[in-house]
Amino acid sequence: MRIGVVGSKDFTLGFRLAGIKLFKEVSSSEDMERAIKEMMGEKDIGILIAEGGLAEKMRREFREEIEESLEPIVIFVGGETGIESLRERIRLSVGVDLWK
Amino acid sequence: MAIREVKATRSELMEVKKRIKLSESGYELLKKKRDGLILEFRGILERAIEIRERMGKESAEAEEKLRDALCYEGSLAIESSALAIEDEPEIVIRSKNIMGVVVPIIEATRVEKNAHERGYGLIGTSSRIDEVAKAYERLLETIILAAEIETTMRRLLEEIDKTKRRVNALEYKVIPELKEIARFIQFRLEEMERENIFMLKRIKAKE
């Protein structure tokens, strides 16, 4: 399976140096939403790496929806986003916020 | 089972008592499973936090290196190096079983490479680009690890939720209801007994 990257020009460039061929450059959070949707439709994609800084400005519902996605697994890199939904799930399931 | 539909017979009482016993042993088992899952989860959580931290550090480092390289080499040189890389990292997702929960194991190939394996020429590119590539390769490894472990956590959480719901349903719904039914039948049978005795006494008195 392949790995995909969605983010700003510099963000994707770095991962391209690591050999990734499946990428989309975006400049705004609206673009990002569209790009992520497109990427998720891509077949044979196992992990989708998204730029956390840009993702912060995306709609909350959409962000949470993709965070829950398992095919592909979406990971936000950089910034604080990416673990909110997971933290929330832990709080709901275990009863306390263990993520500290 | 609603209490109205219950037939107040001795065999029914025995049946209900058997079901209570079964539910209680099931309840104990599920409680153990829940505790086991939470224990498992805690161990994984620790690793997940550690990996997230590492990922943050590595991504900051990689970005810094990339910025440096952009300043010194210009985006065109880096872009062309990126285009020259042929080997795309690949992942294989297999699955593993933790206490009945299917979790993924992600194996990556061709992530970290040597400078000469990357595909762009060594002459004409600077070591800075190598540094950036190396930093991003390392970051990619960590991201893949994070993907695996976070998915595992989500799966485990789902299972914990399910088990918890079952435990609660048994504790607060199924078992109390069954006990209620058993009590109802018991009372009913005792009542019938008393009626019987009373009837016998009346018959005797008439004689």
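In case you missed it, the structure is sitting above this.
Read on for an overview of the structure. Starting afresh in each chain, residues are numbered from 1 along the sequence in its written order. Starting at A for chains and at 1 for ligands, labels are handed out in the order in which the entities are written. In keeping with the predicted nature of the model, local features appear solely for residues at pLDDT of at least 70, side-chain atom pairs appear and are counted solely at 80 or more, and the whole-chain, interface and lining totals rest on all residues. Only hydrogens and water are set aside when side-chain values are computed; all heavy atoms of the structure are taken into account.

1. Some thoughts on the packing of helix 4 (residues 60–67) of chain A against helix 5 (residues 84–94) of chain A
Residues and elements named next belong to chain A.
Link 1 in the chain: Following both chains from N to C, one finds helix 4 and helix 5 inclined at 75°, their axes separated by 9 Å at the closest point. One finds that helix 4 runs roughly perpendicular with respect to helix 5. Here Arg60, Arg63, Glu64 and Glu67 of helix 4 come into contact with helix 5, specifically with Glu84, Ser85 and Leu86.
Link 2 in the chain: Considering only residue class, the contact of helix 4 with helix 5 consists of one nonpolar, one polar and five charged. To obtain each axis, a line is fitted to C-alpha atoms, and for helices this fit is confined to the stretch in contact; angles are then taken between N-to-C directions over 0 to 180 degrees. Segments assigned H or I by DSSP are reported as helices when at least four residues long, segments assigned E as strands when at least two residues long, and all are numbered from the N terminus. In these notes the angle categories are as follows: under 35 degrees is roughly parallel, over 145 is roughly antiparallel, 65 to 115 is roughly perpendicular, and the rest is oblique. Only heavy atoms matter for contacts: two residues are in contact if any of them lie within 4.5 Å across the pair. Residue polarity follows a fixed list, in which Ala, Val, Leu, Ile, Met, Phe, Trp, Tyr, Cys and Pro are nonpolar, Asp, Glu, Lys and Arg are charged, and the others, Gly among them, are polar.

2. Side note on empty space enclosed by the protein
Link 1 in the chain: A cavity here means a set of points on a 1 Å grid, drawn over the protein atoms and nothing else, where a 1.4 Å probe fits but cannot get out; a pocket is an open set with protein on both sides within 12 Å along at least five of seven lines, and a residue lines either one if it has an atom within 4 Å of a point. Grid points are joined across faces, edges and corners, and a volume is the space filled by probe spheres set on the points. Tallied over the entire structure, the rule returns one cavity of 30 Å³ or more.
Link 2 in the chain: Computed from the structure, the largest cavity encloses a volume of approximately 70 Å³.
Link 3 in the chain: Lining the largest cavity are 13 residues, and of these A:Glu67, A:Val74, A:Ile75, B:Glu150 and B:Arg154 sit closest to its centre.
Link 4 in the chain: Of all the elements in the fold, those that place two or more residues in the lining of the largest cavity are strand 4 (73–77) of chain A together with helix 3 (127–206) of chain B.
Link 5 in the chain: A breakdown of the residues in the lining of the largest cavity according to their chemical character gives six nonpolar, three polar and four charged.

3. Comments concerning the pattern of salt bridges
Note on pairing: side chains with opposite charge can pair once their charged atoms come close.
Link 1 in the chain: The salt bridge criterion pairs a side-chain nitrogen of Lys or Arg with a carboxyl oxygen of Asp or Glu, the two atoms within 4 Å. Within the structure shown, the criterion is met by 24 salt bridges over all chains.
Link 2 in the chain: Notably, a salt bridge pairs B:Glu79 with A:Arg16, separated by 3.0 Å at the nearest N-O pair. Within this pair, whereas B:Glu79 is found in helix 2 (residues 75–84), its partner A:Arg16 is found in helix 1 (residues 9–17), the two belonging to separate chains. No difference in accessibility class separates B:Glu79 from A:Arg16, as the two residues are buried.
Link 3 in the chain: Between B:Glu73 and B:Arg128 there is a salt bridge; the shortest N-O distance is 3.4 Å. With B:Glu73 in helix 1 (residues 10–73) and B:Arg128 in helix 3, the pair connects residues that are 55 residues apart, well separated along the chain.
Link 4 in the chain: Through salt bridges with shared partners, a single ionic network connects A:Lys9, A:Arg16, A:Glu25 and B:Glu79. Classification of residues uses two cut-offs on accessible area relative to the type maximum, computed with a 1.4 Å probe and protein chains only: under 20% is buried, over 50% is exposed, and between them is partly exposed.

4. What to know about the nonpolar core
Link 1 in the chain: Within the largest apolar cluster, 55 residues are counted, with the highest numbers of intra-cluster contacts made by A:Phe15, A:Ile47, A:Ile49, A:Ile75, A:Trp99, B:Phe41 and B:Met153.
Link 2 in the chain: Per element, the largest residue contribution to this core is 16 residues, and it comes from helix 3 of chain B.
Link 3 in the chain: Look past the residues within four positions of A:Phe15 in its chain and what remains in contact with it is A:Val5, A:Ile20, A:Ile49, B:Tyr136, B:Leu139, B:Leu140 and B:Ile143. Among the buried residues, those of types Ala, Val, Leu, Ile, Met, Phe, Trp, Tyr and Cys that are joined through side-chain atoms within 4.5 Å form a nonpolar core.

5. Here we look at the pairing of strand 2 (residues 22–25) of chain A
Link 1 in the chain: With four bridges joining them, strand 1 (residues 2–7) of chain A and strand 2 of chain A adopt parallel strand pairing. Across the sheet, A:Gly4 pairs through a bridge with A:Leu22, a residue of strand 2 of chain A. Think of it this way: DSSP has to see at least two bridges between two strands before they count as a pair.

6. As for the pairing of strand 4 of chain A
Residue and element names in this part refer to chain A.
Link 1 in the chain: In terms of burial, strand 4 is a largely internal element, five of the five residues being buried.
Link 2 in the chain: In strand 4, alternate side chains face the same way, and those of Ile73, Ile75 and Val77 on one face and Val74 and Phe76 on the other are all buried.
Link 3 in the chain: As judged from the five bridges shared by strand 3 (residues 45–51) and strand 4, these two strands associate in the parallel manner. Paired with Ile49 across the strands is Ile75, a residue of strand 4.

7. So, the side chain of A:Arg89
Link 1 in the chain: Secondary-structure assignment places A:Arg89 in helix 5.
Link 2 in the chain: Those residues in contact with A:Arg89 that sit more than four places away from it in its chain are A:Glu68, B:Leu157, B:Glu158 and B:Asp161.

8. A look at the sheet that holds strand 2 of chain A
Residues and elements named next belong to chain A.
Link 1 in the chain: Reading across from one edge, 2-1-3-4 is the order of the four strands in this open sheet, with parallel pairing throughout. A strand with exactly one partner marks an edge of an open sheet, and here the two such strands are strand 2 and strand 4. Geometrically, the sheet is characterised by an average inter-axis angle of 15° between neighbouring strands, direction not taken into account.
Link 2 in the chain: Here helix 1 sits on the sheet and contacts strand 1, strand 2, strand 3 and strand 4; the angle it forms with strand 1, its principal contact strand, is near 155°.

Any link to function would need more than the numbers given here.
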